[in-house]
Amino acid sequence: MSFRATVLTLYPEMFPGPLAVSLAGRARAAGTWSLEAVQIRDFATDKHRSVDDTPAGGGAGMVMRADVLARAIDHAAPEGDPRPKLLMSPRGIPLTQARVRQLAAGPGAVILCGRFEGVDQRLIEARALEEVSIGDYVLSGGEPAALVLLDAVVRLLPGVMGNETSGTEESFESGLLEHPHYTRPQSFEGREIPEVLLSGNHRKIAEWRLAEAEKLTAERRPDLWAEHQKAEKTK
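Asks: I would appreciate a short explanation of the overall build of the protein chain in the present structure.
Replies: A count of helical and extended segments in the protein chain gives seven helices and ten strands. Over its C-alpha atoms, taken along the principal directions, the protein chain stretches across nearly 70 × 40 × 40 Å. Taken over 235 residues, the protein chain has a buried fraction of 37%. Relative to all contacts within the protein chain whose residues are 6 or more apart in sequence, the contacts with residues 24 or more apart total 74%. Accessible surface for the protein chain amounts to roughly 13,700 Å². Of this, 52% is attributable to carbon and sulfur atoms. Computed over 28 positive and 33 negative side-chain charges, the separation of the two mean positions in the protein chain equals 2 Å.

Asks: In this structure, what is going on with the sheet that holds strand E4 (residues 63-64)? I would like to understand it.
Replies: Neighbouring strands of a sheet are bound in pairs by backbone hydrogen bonds; such pairs are parallel or else antiparallel. An order of E3-E4-E7 is seen for the three strands of this open sheet, with the pairing classed as mixed. The open sheet has two free edges, formed respectively by strand E3 (52-53) and strand E7 (118-119), since each of these has just one partner strand. Sheet topology places E3 next to E4; two bridges connect them, and they run antiparallel. In the strand pairing of E4, aspartate 53 is matched with valine 63.

Asks: It is not clear to me how the pattern of salt bridges should be interpreted in this structure. Could you clarify?
Replies: Oppositely charged side chains can form a pair if their charged atoms are brought close together. Evaluation of the coordinates by the stated rule reveals 13 salt bridges. Aspartate 67 is paired through a salt bridge with arginine 65; the nearest N and O atoms lie 2.5 Å apart. A salt bridge links arginine 101 to glutamate 173, with the shortest nitrogen-to-oxygen separation between them at 3.1 Å. Placement of arginine 101 in helix H3 (residues 97-104) and of glutamate 173 in the loop between helix H5 (143-154) and strand E9 (187-188) is noted, with a sequence separation of 72 residues between them. On the basis of relative accessibility, which here comes to 23%, the residue glutamate 173 falls in the partly exposed class.

What counts as what
- Residues numbered from 1 in each chain as written.
- Predicted model: local features only at pLDDT ≥ 70, side-chain atom pairs only at ≥ 80, totals over all residues.
- Heavy atoms only, no water.
- Helix = DSSP H or I, 4+ residues; strand = E, 2+ residues; numbered from the N terminus.
- Buried < 20%, exposed > 50% of the residue type's maximum accessible area, 1.4 Å probe, protein only.
- Contact = heavy atoms within 4.5 Å.
- Areas by Shrake-Rupley, 256 points an atom, 1.4 Å probe, with all protein chains shown as cover.
- Lys, Arg positive; Asp, Glu negative; His and termini not counted.
- Charge placed at Lys NZ, Arg CZ, Asp CG, Glu CD.
- Pairing = 2+ DSSP bridges.
- Salt bridge = Lys/Arg side-chain N within 4 Å of Asp/Glu carboxyl O.

Below you can see the structure in the form of structure tokens.
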């Protein structure tokens, strides 16, 4: 069974976008995964196809309506659909590589792209939406975030990457950032490839890569480094 993604959006023309090329595009053409973009406005009931209204309690901006979104979600994921329902939101739980792997191992996902000030909380609760964030910043809408999530997931689907070990030797897979990479030419503007990488000694190469990964993680992501150290102590 292929991975099936359904994106609920006010801008279906944004999909597949970059997912139509490279690894994701080839995998989609091969039937490894599918993507459907659903126009939320199709589920509005007034002549203006309204999907939002003023926030209860006052304030700036508009809020996406629960009733319109509920109809869209129920159309995309009728009762019995096993796919998780995600809402791309800056207040969501940060997306991790572990969660990406869980999604890649499943049947697909239904992804709601928020816009305006946000989504009526009652809809989030009534449809058990999992709020997901791709970072501590605010986008114009959830569409770019949905593209990021799907790209991360699709590349892990069976057969998508030519070298299956590529997906297990990257940043976050081991709890560390990835070590530096080098290739030819051996000398570039006076900078040389580290000698150990040319030694042919696989044990020493592995040790060097681990040390570099630990160094980078400690410098750039002290949060990950603290978690890594804690995990190492429990081994």
